[in-house]
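Analysis of the macromolecular model
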Amino acid sequence: MRTTVGIIGAGPAGLLLARLLHNAGIDSVVLESRDRAYVEHRQRAGILEQGTVDVLRAAGAGERMDREGLPHDGIELRYDKKRHRVDFPALTDGRSVMVYAQTEVCKDLIALQLKDGGPLLFEAEALAVEGADTDTPRVRFRHEGREDVLECEYVVGCDGFWGVARKAIPAELTKVFERAYPFAWLGILADVPPSHDELVYARHDRGFALLSMRSPSVSRLYLQVPEGTDAGSWDDEEIWDELERRFETDDDWTLERGPITQKSVTPMRSYVHEPMRHGRLFLAGDAAHIVPPTGAKGLNLAVGDVVTFARALTYRKETGSAERLDAYSETCLRRVWQAERFSYDMTGLLHRAPDATPFEDRMQLARLERIAGSRAAETDLAEGYTGFPFG
């Protein structure tokens with residue numbers, strides 16, 4: 001099998017890249033180790049930055065998002081029983097975000113790819129990337145019980161942290177930057193309408209909490225818990241009681257409860273792999289970087305990566321110049337590090353470390369008061385949350 005771009009991974013990054021390349025007249029093949037049902041139902045991110053929304057619309061993948069997604073013009077910060085709303089459009093020249101689950105983005109892009117895109121092979125496990133530093137890289141993969149080879153001009157690894165793409169970059173050429181956090185998120189899905197029409201980020205002495213949603217009838221909520229927590233160790237009433245404590249306010253706001261349909265624990269880490277390119281192998285998304293979920297940046301960073309690659313390859317096709325492909329890693333990493341900074345700052349602002357001192361508690365409250373009282377500080381948060389420009 002031969003193609004121009006071999007894409008490993010059919011998450012939102014790989015699927016969007018295939019769509020962007022198709023629209024530019026560049027052929028690709030997507031290899032995905034899981035089956036279609038798994039890809040369309042794995043729960044991940046749910047916040048789309050303005051830039052991601054714009055790209056999906058331009059790619060022809062925005063119709064259902066615009067019909068069913070939930071536009072959000074701000075978030076609410078809670079601390080010390082106080083409430084402060086951050087108005088995104090007023091602070092960012094009209095930018096906002098969209099609540100639309102990654103599962104739904106994948107469903108939309110899969111439907112488009114199967115309708116008029118290039119080959120999308122499910123249950124096709126990539127085994128290795130070979131010849132990355134040559135003009136003819138290959139992906140060895142297993143599909144339908146036999147091994148095969150995908151010969152490419154370029155390979156893009158959208159196969160996550162545990163995938164094979166990053167392993168094809170020699171260790172002596174790489175630098176890794178990482179930070180593990182001593183806490184995690186206990187997340188739930190609940191069949192109950194959200195208790196607030198925008199996301200609520202709460203800083204509490206007992207730990208962070210987040211009120212989010214997946215639809216007008218399904219709530220998504222999170223609690224900061226110790227690292228290594230077993231989701232099954234919390235019963236439903238304990239979760240609701242703890243959420244109620246952490247979202248407490250001085251007014252008459254109440255948290256609506258409902259049946260919990262799913263529980264999971266998400267570890268917290270920051271990770272960056274440099275470079276994001278080796279020869280004709282390009283890394284995108286979690287294969288190259290991971291952010292703590294506090295800043296809602298993971299999916300959006302992956303979108304930025306594949307947009308950068310698609311633009312660079314289109315430029316190569318139109319002009320013959322590889323200048324933008326050569327600058328791929330440097331271009332992406334500028335945005336990656338700003339998103340890492342923002343996510344790190346948001347995590348430190350809202351989570352209570354296990355060994356936090358009274359001084360550190362007061363510093364968090366002082367920073368939150370500064371955001372609530374300073375348009376400049378509030379604007380910095382709003383600009384980061386709605387997204388940094390694509391390179």
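Above this text is the structure in question.
To keep things clear, this report deals only with the structure shown in the data block. Note that the coordinates shown come from a computational prediction; the quantities given were computed from them, not determined experimentally. Here the residue index of a chain counts from 1 through its sequence in written order. In keeping with the model being predicted, local features are shown solely for residues with a pLDDT of at least 70 and side-chain atom pairs are shown and tallied solely at 80 or more, while totals for entire chains, interfaces and linings include all residues. Based on all heavy atoms of the structure, the side-chain values leave hydrogens and waters out of the count.

1. With respect to helix H1 (residues 12-23)
Under the DSSP-based scheme used, a helix requires at least four consecutive residues in state H or I and a strand at least two consecutive residues in state E, with every element numbered from the N terminus. Each residue after the first adds 1.5 Å to the expected span of a helix. For H1, spanning 12 residues, the distance from its first C-alpha to its last is 16 Å, which sits close to the expected 16 Å at 1.5 Å a residue. Burial runs high along H1: 10 of the 12 residues are buried. Glycine 25, located one to two residues past H1, shows a positive phi value of around 80°. Working definition: with a 1.4 Å probe on protein chains only, accessible area under 20% of the residue-type maximum means buried, over 50% means exposed, and in between means partly exposed.

2. Regarding the pattern of salt bridges
Salt bridge, as applied in this entry: a Lys or Arg side-chain nitrogen positioned within 4 Å of an Asp or Glu carboxyl oxygen. A complete count under the given rule lists 39 salt bridges for this structure. Where aspartate 236 meets lysine 263, a salt bridge forms, and the shortest distance between an N and an O atom there is 2.9 Å. Within this pair, whereas aspartate 236 is found in helix H7 (residues 236-246), its partner lysine 263 is found in strand E17 (residues 260-274), the two being separated by 27 residues in sequence. The partly exposed category is assigned to lysine 263, whose relative accessible area is 29%. Beyond isolated ion pairs, a larger network of salt bridges with shared partners links Glu63, Arg64, Arg67, Glu68, Glu104, Lys107 and Asp108.

3. Things to note about the sheet that holds strand E2 (residues 28-31)
What the six strands build is an open sheet, ordered E8-E2-E1-E12-E19-E18; its pairing is mixed. Bordering the open sheet on either side are strand E8 (120-121) and strand E18 (277-278), each of which pairs with just one other strand. Two strands make a pair as long as DSSP finds a minimum of two bridges between them. Here two bridges tie E2 to E8, and the two strands are oriented parallel to one another. Residue leucine 31 lies in a different strand from E8, and its bridge partner there is leucine 121. A contact between two residues is defined here by any heavy atoms of the two lying within 4.5 Å. Axis angles are defined between N-to-C directions and span 0 to 180 degrees, where every axis is a line fitted to C-alpha atoms and, for a helix, only to the segment in contact. Its contacts with the sheet put H1 on strand E1 (5-8), E2, E8 and strand E12 (154-157), and the angle it makes with E1 is roughly 160°.

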